[in-house]
Amino acid sequence: MLDFFTIFSKGGLVLWCFQGVSDSCTGPVNALIRSVLLQERGGNNSFTHEALTLKYKLDNQFELVFVVGFQKILTLTYVDKLIDDVHRLFRDKYRTEIQQQSALSLLNGTFDFQNDFLRLLREAEESSKIRAPTTMKKFEDSEKSKKPVRSMIETRGEKPKEKAKNSKKNKGAKKEGSDGALATSKAVPTEKSGVPVGPENGVELSKEELIRRKREEFIQKHGRGVEKSGKSTKSDAPKEKGKKAPRVWALGGSANKEILDYSTPTTNGAPEAAPPEDINLIRGTGPGGQLQDLDCSSSDDEGATQNPTKPSAAKGALGGMFGMLKGLVGSKSLSREDMESVLDKMRDHLIAKNVAADIAVQLCESVAKKLEGKVMGTFSTVTSTVKQALQESLVQILQPQRRVDMLRDIMDAQRRQRPYVVTFCGVNGVGKSTNLAKISFWLLENGFSVLIAACDTFRAGAVEQLRTHTRRLSALHPPENHGGRTMVQLFEKGYGKDAAGIAMEAIAFARNQGFDVVLVDTAGRMQDNAPLMTALAKLITVNTPDLVLFVGEALVGNEAVDQLVKFNRALADHSMAQTPRLIDGIVLTKFDTIDDKVGAAISMTYITSKPIVFVGTGQTYCDLRSLNAKAVVAALMKA
C-alpha cells in the first residue's frame, strides 16, 4: 500500500529508507525539500507530487524529517498514526547515535529498523480495519418516540412540516387578544364560493394569506392617520416654489460648451504640435538605468530617529533587570502551548499589515512546526525566538526559487536575433500601462530599443494613453542621440480588434525592424470574467512570450490571493497547450501609498512562488524599484 517511507536528517543524510515499489523515492523527496522545506511552507503536512501524496513530520529536537509516500488515489487513514509511531520508536531507539550530531557518526551508524517498521505498519493497518460492532437502535432512543401522536397525523393535500408551522402561527394569532380577534372578524377574506377562509372553518391559511390579512387589518386601523399625513404633504408642496437659487462659486467652473471642448485643433487638416512639456518633471529624479532597492522606512521612523525618547527614570535598575529576565527559557524544548499566545499575536499583527488571513495562519502554523520540540538557549525568550523564526521564513518566501534577470535574458535574445517579449496582465485599474511605460524608460536607459504593442482594444483611451507615453519617451530619448535609430515606437491597430493577432503582428514587425524588446499591454480583466480570461490565455498560448508579468496593487489584502489563484487557474484551464503557460513574475504597484502595510508582497509571493520583479513607487518614470526582501520584512515586523 505504501510506496516508500524514508527518514533523513535536515543536513541531507538518509538514515533509513523503506522501498515498497521499484520506483525510486529520490524525485518526490527532492521536490518536497525544494518546494516545502526550503521555501518555509510547512503549514500543511501533506504535499502532492505527480501521482503521489507525501506526508511528513519534522523532529526539530534531533533535526530529523520523516516522509511517507503513497498513491494519491488511495485513502489511507492510518498514515498519520504510522508516522507518529515510527517517529516515537526511532527517536527512542537511536537517541544516543542521533544526539552525537556529527555527520560521521550518522554515516557510520547502523539503523536496523526494517523489522520494527514492518511490525508498526502491520499494527496500523489492522487498527484501521477494526471497527466497533454496530448495535440496533431501540425505539425509545429514536426521535420519533419523543413526538406526540397528534403531530404525526397528516392531513390530505398538506405537508406535515407546513402544517406544524401553520399551527404555531395560528396559536400565536389567538394569543393577540380580543381586540385583534374583532379586527380580524371584520376583514375575513372570502373565496369565490363566498365561504370565509380561516381556521374556524377547517381551512388553514398559508403564509401569504396571513400576511395579506395582517396588512388589511393595519390599513383599516390606521387609514385615517395616513390620509391626514397625505394632506399635510400636499400643503407643504407650494412652499417649494419660493426656494433660493443655487449659489454660483467663483472657482466652480462652468458648463460652457466652448470652454469644455478639449479636442485637438487642426490647421489645414493636420493636427498642431503637442504643447511643450517639462522633461525633467516627467522623467523624475534618480538614475533611470539602474534599479534602486526598495526603501520601506516611513516618516514615523525618521521622526523617531531625530527625536529619540529617553528612558524614563521612574524604572529602577532592579526593576529593569527583573523585566529583562522575565520570560527567559532555560534549556527546555518548546511546546505548542508555549508558543500559542505569541503566535496568536503574530498572526493578528500580520493581518493588520495587510497579509491575507489564510496566509497569515499558514505562516504561523509553519513556524510552530519548525520550532516545536526545539531546545532553546538559556537566555532566549519565546517571543524573540518565534519572531526571529518568522523573520527568517518571510525572507525565504520573498526570495523564491526562480530569479528573473531581464537584462541578461534580453542580451541572450539579441544573440539569437529575435525580440524579447513581455506580456502584462492584471485586473482593472492597477496601473499596467503606467508601469509598462516605466519599464520602457528603464530599458531605454540601458540602451535597448522598445516596441510597445497596444493590445488593450477594449478600454476607451488605452491607445491614446500609450501614444502619450511613447511621445514623452521619444522626447527623453530622441533618435538624434542614438545615431538616428528610433528607440521607442507604438504598434497599434485601433479598437475592437483581436488582441492575440495584434500581438503576433507586433512581434513580427519588431523582428523585421530590429527592436530588442516588445512590451505587450493587455486589457484589464477581473479573474471571474471567463471570456476575457480565455482571450488572455489565447494571446499567451499563440505568441509564447518570454515573460508573463502579473501587475497587482500593494493595497489589496485577501483579494490578492483570489486574483492570483484564479488567474493561474484560468490560464491553465483555457490554454490549448500541453503544458500551460502561467504567471512568471509580479509587478507590485502603488507601493508609495501603503506606508508599512506591505503584506500584499508576502501574499502574492506565497501563493505563486514567483518573484516580485518590479515595484512601482510613484508617478514619474524613475519611480521603479527592485524588491529588497529584508527591508520589506523589517517593515512588516515593525510594531
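Residues numbered from 1 in each chain as written. Predicted model: local features only at pLDDT ≥ 70, side-chain atom pairs only at ≥ 80, totals over all residues. Heavy atoms only, no water.

Asker: Any chance you could explain the overall build of the protein chain here in plain terms?
Answerer: Assigned secondary structure in the protein chain consists of 22 helices and 18 strands. When burial is assessed residue by residue, the protein chain has 39% of its 639 residues classed as buried. Carbon and sulfur atoms make up 53% of the accessible area of the protein chain, which amounts to about 37,700 Å² in all. (Helix = DSSP H or I, 4+ residues; strand = E, 2+ residues; numbered from the N terminus. Buried < 20%, exposed > 50% of the residue type's maximum accessible area, 1.4 Å probe, protein only. Areas by Shrake-Rupley, 256 points an atom, 1.4 Å probe, with all protein chains shown as cover.)

Asker: Would you explain the nonpolar core in this entry?
Answerer: The nonpolar side chains of a soluble globular protein tend to be buried, and buried together. Of all hydrophobic cores here, the largest spans 113 residues; its most connected members are Leu363, Val386, Met406, Leu443 and Phe614. Excluding residues that lie within four positions of it along the chain, leucine 363 makes contacts with Leu350, Leu390, Leu394, Ile397, Ile602 and Tyr606. (Core = buried A, V, L, I, M, F, W, Y, C linked by side-chain atoms within 4.5 Å. Contact = heavy atoms within 4.5 Å.)

Asker: Would you mind showing me how to read the sheet that holds strand β14 (residues 517–521) here?
Answerer: Within a sheet, each strand pairs with its neighbour through backbone hydrogen bonds, oriented either parallel or antiparallel. Ordered by their spatial adjacency, 9 strands build an open sheet running β8-β18-β17-β16-β15-β11-β14-β12-β13, and the pairing between neighbours is mixed. Bordering the open sheet on either side are β8 (292–293) and β13 (488–491), each of which pairs with just one other strand. Strand contacts of helix α16 (residues 432–445): β11 (420–425), β12 (450–454), β13, β14, β15 (547–553), β16 (585–589), β17 (612–616) and β18 (624–626), with the helix running at about 170° to β14, the strand carrying the most contacts. (Pairing = 2+ DSSP bridges. Axes fitted to C-alpha atoms, helices over the stretch in contact; angles between N-to-C directions.)

Asker: Looking at this model, I keep getting lost on the side chain of aspartate 596. Mind explaining?
Answerer: Mapped onto the secondary structure, aspartate 596 falls in the loop between β16 and α21 (599–608). A relative accessible area of 10% means that aspartate 596 is categorised as buried. In this structure, aspartate 596 is in contact with Lys353, Ala635 and Lys638, ignoring residues within four places of it in sequence.

Asker: What exactly am I supposed to notice about the environment of lysine 432 here?
Answerer: If you trace the backbone, lysine 432 turns up in helix α16. The exposure class of lysine 432 is buried, given its relative accessible area of 8%. Placed 155 residues apart in sequence, lysine 432 and valine 587 show a C-alpha to C-alpha distance of 8.8 Å. In this view, lysine 432 contacts Phe424, Cys425, Gly426, Val427, Asp521, Thr522, Ala523, Gly524 and Val551; residues no more than four positions away in its chain are not counted.

Asker: How do you make sense of the pairing of β14 when you look at a structure like this?
Answerer: If a strand is regular, its side chains alternate between the two faces of the sheet. By the criterion of burial, β14 is predominantly enclosed, with 5 of the 5 residues buried. Every second residue of β14 is oriented toward a common face, with Val517, Leu519 and Asp521 on one face and Val518 and Val520 on the other, all of them buried. The sheet contact formed by β11 and β14 spans 5 bridges and is parallel. Counterpart to threonine 423 in the pairing with β14 is valine 520. Taken together, the 5 bridges between β12 and β14 define a ladder with parallel strand orientation. When the bridges of β14 are listed, alanine 453 appears paired with valine 520.

Asker: What is the right way to look at the pattern of salt bridges in this model?
Answerer: Where charged atoms from two side chains of opposite charge come close, those side chains can pair. By the definition in use, this model includes 29 salt bridges. One salt bridge in this structure joins lysine 493 and glutamate 505, with 3.9 Å as the shortest N-O distance. Of this pair, lysine 493 sits in the loop between β13 and α18 (499–513) while glutamate 505 sits in helix α18, and the two are 12 residues apart along the sequence. Given a relative accessible area of 39%, lysine 493 falls into the partly exposed group. One network of salt bridges, with partners in common, ties together Lys81, Asp85 and Arg88. (Salt bridge = Lys/Arg side-chain N within 4 Å of Asp/Glu carboxyl O.)

Asker: Help me out: how do you make sense of the pairing of β12 in this one?
Answerer: Taken across its 5 residues, β12 has 5 buried, putting it largely inside the fold. Burial along β12 is two-sided: Val450, Ile452 and Ala454 and Leu451 and Ala453, pointing in opposite directions, are all buried. Pairing of β12 with β13 involves 4 bridges; the strand directions are parallel. Of the residues in β13, the one forming a bridge with alanine 453 is phenylalanine 491. One crossover worth recording links β12 to the parallel β13 by way of helix α17 (residues 462–476), and it is right-handed. (Right-handed = clockwise from strand over helix to strand, strands pointing away.)

Asker: Sorry, what's going on with the packing of helix α19 (residues 530–543) against helix α20 (residues 558–573) here?
Answerer: Packed helix pairs are characterised by how far apart their axes lie and by the angle those axes make with each other. Where α19 contacts α20, the two axes come as close as 9 Å, and the packing angle between them is 65°. For the pair α19 and α20, the sense of crossing is right-handed. Within the contact between the two elements, α19 uses Met533, Leu536, Ala537 and Ile540 and α20 uses Phe567, Ala570 and Leu571. Along the lines of polarity and charge, the residues of the contact of α19 with α20 split into 7 nonpolar, no polar and no charged. (Left-handed = near helix turned anticlockwise from the far one by under 90°. Nonpolar A, V, L, I, M, F, W, Y, C, P; charged D, E, K, R; others polar.)

Asker: Looking at this structure, I do not really get the confidence of the model for the protein chain. What am I missing?
Answerer: As a general rule, the predicted coordinates of low-pLDDT regions are not to be interpreted in detail. Considering every residue of the protein chain, the mean pLDDT works out to 77; 71% of them sit at 70 or more. Long-range and interchain partners of residues 167–171, a stretch whose pLDDT sits below 50, account for 4 contacts in this model, where long-range means more than four residues apart. Low pLDDT, under 50, characterises residues 265–273; the stretch is placed with 5 contacts to residues that sit more than four places away or in other chains. (pLDDT = per-residue confidence, 0-100.)

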